[in-house]
Amino acid sequence: MNTSPSKPSEELTIEHLKGDFGAQIVDVDLQSADQETLGKVVAAFHQHGAILLRNQTMEPDDLMRFINAFGEPELHTQTKFCLPNYPHIFKISNMLGEKGEPIGAHNDGLGWHTDYSYKEEPVMCTMLYAVTVPDEGGDTLLADQVAAYEDLSEEKKAQLDPLKIHHSLVHFIQNREFNSYEITDELRRENPDVIHPMIRVHPADGRKALWVSTGTVKHILGMEDDEAMALVDELVEYITQPKYVYAHKWQKGDVLMWDNRCTLHTGTVYDDKKYQRMAHRLWVKGEKPISVGDV
């Protein structure tokens, strides 16, 4: 257990992850942090797009206490790899059980995307807690879609601001490379296709972000399919330029949380024959995306 005391909330030390994006919060022990301190951590998250806290020791109840500070936890589409008695905690791992069966989702989260974009109310944020990490590889990359939007020309912003994207879970499952699963009638009923804005307004302060993704995107309203997907590819390539991307190299005990309303993310591969990995993933419920026309 990490026994070092948390700093008082008014003394939180914050260092940017890259440029003006993200915040590493230093000297806070999440196990012992009081509610006021957690409130300051939540405020930093809403302001900075991502937060990192290193050297944490988090039992399942600690994870649930922390995630509840941000809002109502979201359940997972797949339940097979959730911790027993903790349906909000999902295991990402290449480890095997006693009978050689997978105990977590392996290579989950590859490809630039934003979580639950196929829902009417996509998840607000994603949290990963590193239990076991590979010595190399397996980085998580976060792209700052606010900075990418701000750097666009006024003409490009005017073109993109009114556009709407058609997202589909069924389309995603049919085309994914890893961890594909059965498309049941129940899954279709619970996950109908949705339409979301391409430019999303952040409810905390009104900042605008490009809000494209890959995998779930099926169409852009008012455009031919070829033209639409070419635009999506163009924008994802633009957003994921190195100047907009923070590459997180994992350490055991890391808690990394990113804001799905203003970032893209992807996992990266590692030598899964040489190294083991275990991470716990949690989500917080979000709200219907706000478009430029809504403000």
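Summarised in this report is the structure supplied together with it. (Residues numbered from 1 in each chain as written. Predicted model: local features only at pLDDT ≥ 70, side-chain atom pairs only at ≥ 80, totals over all residues. Heavy atoms only, no water.)

## Observations concerning the side chain of T240
Stage number 1. Tracing the chain through its elements places T240 in the loop between α7 (225-239) and β14 (245-248).
Stage number 2. Here E237 takes part through its backbone oxygen, which lies 3.5 Å from a polar atom of the side chain of T240.
Stage number 3. When near neighbours in sequence (up to four residues on either side) are disregarded, T240 contacts W112, A143 and V245. (Helix = DSSP H or I, 4+ residues; strand = E, 2+ residues; numbered from the N terminus. Polar contact = N/O pair within 3.5 Å; in protein donor to acceptor, adjacent residues only side chain to side chain. Contact = heavy atoms within 4.5 Å.)

## Remarks on the environment of G253
Stage number 1. Mapped onto the elements, G253 comes out in the loop between β14 and β15 (255-259).
Stage number 2. The exposure class assigned to G253 is buried, which follows from its relative accessible area of 4%.
Stage number 3. As for G253 and Y129, which are separated by 124 residues in sequence, their C-alpha atoms are 6.7 Å apart.
Stage number 4. Dropping the residues within four chain positions of it, G253 is found in contact with L53, R54, N55, Q56, Y129 and A130. (Buried < 20%, exposed > 50% of the residue type's maximum accessible area, 1.4 Å probe, protein only.)

## Some words on the sheet that holds strand β18 (residues 290-291)
Stage number 1. One open sheet holds the three strands; their spatial order is β12-β11-β18, and the pairing between them is antiparallel. Of all the strands in the sheet, the pair left with one neighbour each is β12 (208-210) and β18.
Stage number 2. Here strand β11 (residues 199-201) runs beside β12; their pairing, made up of three bridges, is antiparallel. What sits directly across from I199, in β12, is L210. (Pairing = 2+ DSSP bridges.)

## Considerations on a negative patch on the surface
Stage number 1. A surface patch of negative charge is lined by E224, D225, D226 and E227.
Stage number 2. By the element assignment, E227 lies in helix α7. (Patch = residues over 30% accessible without salt bridge, like charges linked within 9 Å, V, L, I, M, F, W, Y side chains within 5 Å. Areas by Shrake-Rupley, 256 points an atom, 1.4 Å probe, with all protein chains shown as cover. Salt bridge = Lys/Arg side-chain N within 4 Å of Asp/Glu carboxyl O. Lys, Arg positive; Asp, Glu negative; His and termini not counted. Charge placed at Lys NZ, Arg CZ, Asp CG, Glu CD.)

## Brief notes about the nonpolar core
Stage number 1. Counting 29 residues, the largest nonpolar core has I25, L30, I51, F66, F70, M127 and M257 as its most contacted members.
Stage number 2. Mapped onto this core, the elements with two or more residues apiece are β2 (21-26), α1 (35-48), β3 (50-53), α2 (60-68), β7 (125-132), β15 and β17 (278-284).
Stage number 3. It is α1 that contributes the most residues to this core, five residues altogether.
Stage number 4. Setting aside its immediate chain neighbours within four residues, I51 contacts A23, I25, V41, A44, F45, F70, V255, L256 and M257.
Stage number 5. With 28 residues, the next largest nonpolar core counts A143, Y149, I199 and V245 among its residues. (Core = buried A, V, L, I, M, F, W, Y, C linked by side-chain atoms within 4.5 Å.)

## Considerations on the sheet that holds strand β10 (residues 194-197)
Remark on secondary structure: sheet strands pair via backbone hydrogen bonds, oriented parallel or antiparallel.
Stage number 1. Across the sheet, which stays open at both edges, the three strands sit in the order β10-β9-β13 with antiparallel pairing between neighbours. A single partner strand is all that each edge strand has here, and the edge strands are β10 and β13 (217-220). Between one strand axis and the next, the sheet turns through 35° on average, direction left out of account.
Stage number 2. Of the strand pairs in this sheet, strand β9 (residues 164-167) and β10 are connected by four bridges, and their pairing is antiparallel. Following the sheet pairing, H167 is matched in β10 by V194. (Axes fitted to C-alpha atoms, helices over the stretch in contact; angles between N-to-C directions.)

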